[in-house]
Amino acid sequence: MSFKENFEKTYRKMLGLGFVIFFSIAATFGLLTLGLALILPTFLFFKLLTIEFSSQLVQAISFALSIPFLYFLFGVSLVFIAPLINKILRLNKFIQGFSGNMYSVETIAWFFHNELVYLTKLFFLNLITPSPLTTLFYKMMGMKVGKNVIINSTNIYDPCLIEIEDNVLIGGSAFLLGHYGQKGRLVMAKLVIKKGTTVGLSATVFGNNTIPEKCLIGPHAVVLPKSKLEPNQKIR
């Protein structure tokens, strides 16, 4: 029996204790990621504390103006640090085309990959979307993005499993997911959105799909895994 098989067997046996250990590690991982993004803003904040101001009013104004700037700097740092951690740990390698038990090595990598996505979304992406910085973040996390693509949503998970071709519009609050559950198994599969397609407001598109060219996925529509669509089709 391989190390991977032994690990998964032990992990499944532990269950309750395993969850406690795993989520403790996950919480520590998240806090360390946020801490790394805070290094530069914190350094600049302490530099600000050493400045002598002519009055308390000037000091208050300086602090009030600097705090939003430092938060923005924290967010930008997080946009680059999260993908760097993802790359160093090679998380994308483990979540390409997986179908299996929830308690496996691949799902651990999948969890941490999406934790990095969610942290960045929660603390910063929601404030700046749509913007080139949002698109850049998803690209650095492994998503393939073509030309003239507009992404007006931060509800994008498993970006390393998603490919968006040229002239695609992702509407506000739309969900793109490279994973789904089926018959007690977790499935991770690619989602490809072909040229000229529009994904409407709050629509949901699951993985294991190739959306043909120039499709219109209407507001709140749902495209289930393995859907068979035609070019120029409208889904409502």
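See above for the structure.
Not measured: the values here are computed from a predicted model. (Residues numbered from 1 in each chain as written. Predicted model: local features only at pLDDT ≥ 70, side-chain atom pairs only at ≥ 80, totals over all residues. Heavy atoms only, no water.)

Participant: Explain the packing of helix α3 (residues 56-88) against helix α4 (residues 105-128) to me, please; I cannot follow it from the model alone.
Facilitator: When two helices pack together, their arrangement is given by the angle between their axes and by how far apart the axes lie. At a minimum axis distance of 9 Å, the contact between α3 and α4 shows a crossing angle of 160 degrees. If you check the angle between α3 and α4, you find them roughly antiparallel. The chirality of how α3 crosses α4 is left-handed. For the pair α3 and α4, contact is made by Y71, F72, F74, G75, V76, L78, V79, A82, I85 and N86 and by H113, L116, L119, T120, F123, F124, L125 and L127, respectively. Per-class residue counts for the contact of α3 with α4 are 14 nonpolar, four polar and no charged. (Axes fitted to C-alpha atoms, helices over the stretch in contact; angles between N-to-C directions. Helix = DSSP H or I, 4+ residues; strand = E, 2+ residues; numbered from the N terminus. Parallel < 35°, antiparallel > 145°, perpendicular 65-115°, else oblique. Left-handed = near helix turned anticlockwise from the far one by under 90°. Contact = heavy atoms within 4.5 Å. Nonpolar A, V, L, I, M, F, W, Y, C, P; charged D, E, K, R; others polar.)

Participant: Help me out: how do you make sense of a nonpolar patch on the surface in this one?
Facilitator: Taken together, L40, F43, L44 and F69 make up a surface patch of nonpolar side chains, about 380 Å² in accessible area. Residue contributions to the nonpolar patch peak at three residues, all from helix α2 (residues 16-49). On the secondary structure map, F43 appears in helix α2. Residue F43 is classed as partly exposed on the basis of its relative accessible area, which comes to 48%. (Patch = residues over 30% accessible without salt bridge, like charges linked within 9 Å, V, L, I, M, F, W, Y side chains within 5 Å. Areas by Shrake-Rupley, 256 points an atom, 1.4 Å probe, with all protein chains shown as cover. Salt bridge = Lys/Arg side-chain N within 4 Å of Asp/Glu carboxyl O. Buried < 20%, exposed > 50% of the residue type's maximum accessible area, 1.4 Å probe, protein only.)

Participant: Quick question: what am I supposed to make of the sheet that holds strand β12 (residues 204-205) here?
Facilitator: Either a parallel or an antiparallel arrangement is found when strands of a sheet pair, and the pairing is made through backbone hydrogen bonds. On the basis of which strands lie adjacent, the open sheet formed by four strands has the order β4-β7-β12-β15 and parallel pairing. The open sheet has two edge strands with one neighbour each: β4 (155-157) and β15 (222-223). Where β12 lies against β15, two bridges are found, and the strand directions are parallel. Each residue of the ladder has a partner; that of V205, found in β15, is V223. (Pairing = 2+ DSSP bridges.)

Participant: Help me understand the sheet that holds strand β13 (residues 209-211) in this model?
Facilitator: Taken in spatial order, the four strands line up as β2-β5-β10-β13 in an open sheet, and their pairing is parallel. Edge strands, defined here as strands with exactly one partner in the open sheet, are β2 (144-145) and β13. Relative to strand β10 (residues 191-193), strand β5 (residues 162-164) is paired through three bridges, and the arrangement is parallel. Looking at β10, one finds that E163 is bridged to V192.

Participant: Explanation requested: the pairing of strand β9 (residues 185-188) in the structure shown.
Facilitator: For a regular strand, the rule is simple: side chains alternate between the two faces of the sheet. Sheet analysis places strand β1 (residues 98-100) next to β9, joined by three bridges and oriented antiparallel. Bridge pairing links F98 to M188 in β9.

Participant: Would you mind showing me how to read the side chain of T204 here?
Facilitator: For T204, the position within the fold is in strand β12. Taking the relative accessible area as the measure of exposure, T204 reaches 15% and is therefore buried.

Participant: Explanation requested: the pattern of salt bridges in the structure shown.
Facilitator: Two side chains carrying opposite charge are able to pair once their charged atoms lie near each other. Here the structure, examined in full by the defined rule, presents one salt bridge. Between E165 and K194 there is a salt bridge, with the nearest N and O atoms lying 3.3 Å from each other. Remark: K194 occurs in the loop between β10 and β11 (198-199) and E165 occurs in the loop between β5 and β6 (169-170); sequence separation between them is 29 residues. Relative accessible area serves as the criterion here: at 27%, K194 is assigned to the partly exposed category.

Participant: Honestly, the pairing of strand β8 (residues 179-182) in this entry has me stumped. Any pointers?
Facilitator: Pairing between β8 and β9: four bridges, direction antiparallel. Residue pairing in the sheet places H179 in a bridge with M188 of β9. Connecting β8 to the antiparallel partner β9 that follows it, the hairpin turn spans two residues, and K183 within it adopts a positive phi of roughly 55 degrees.

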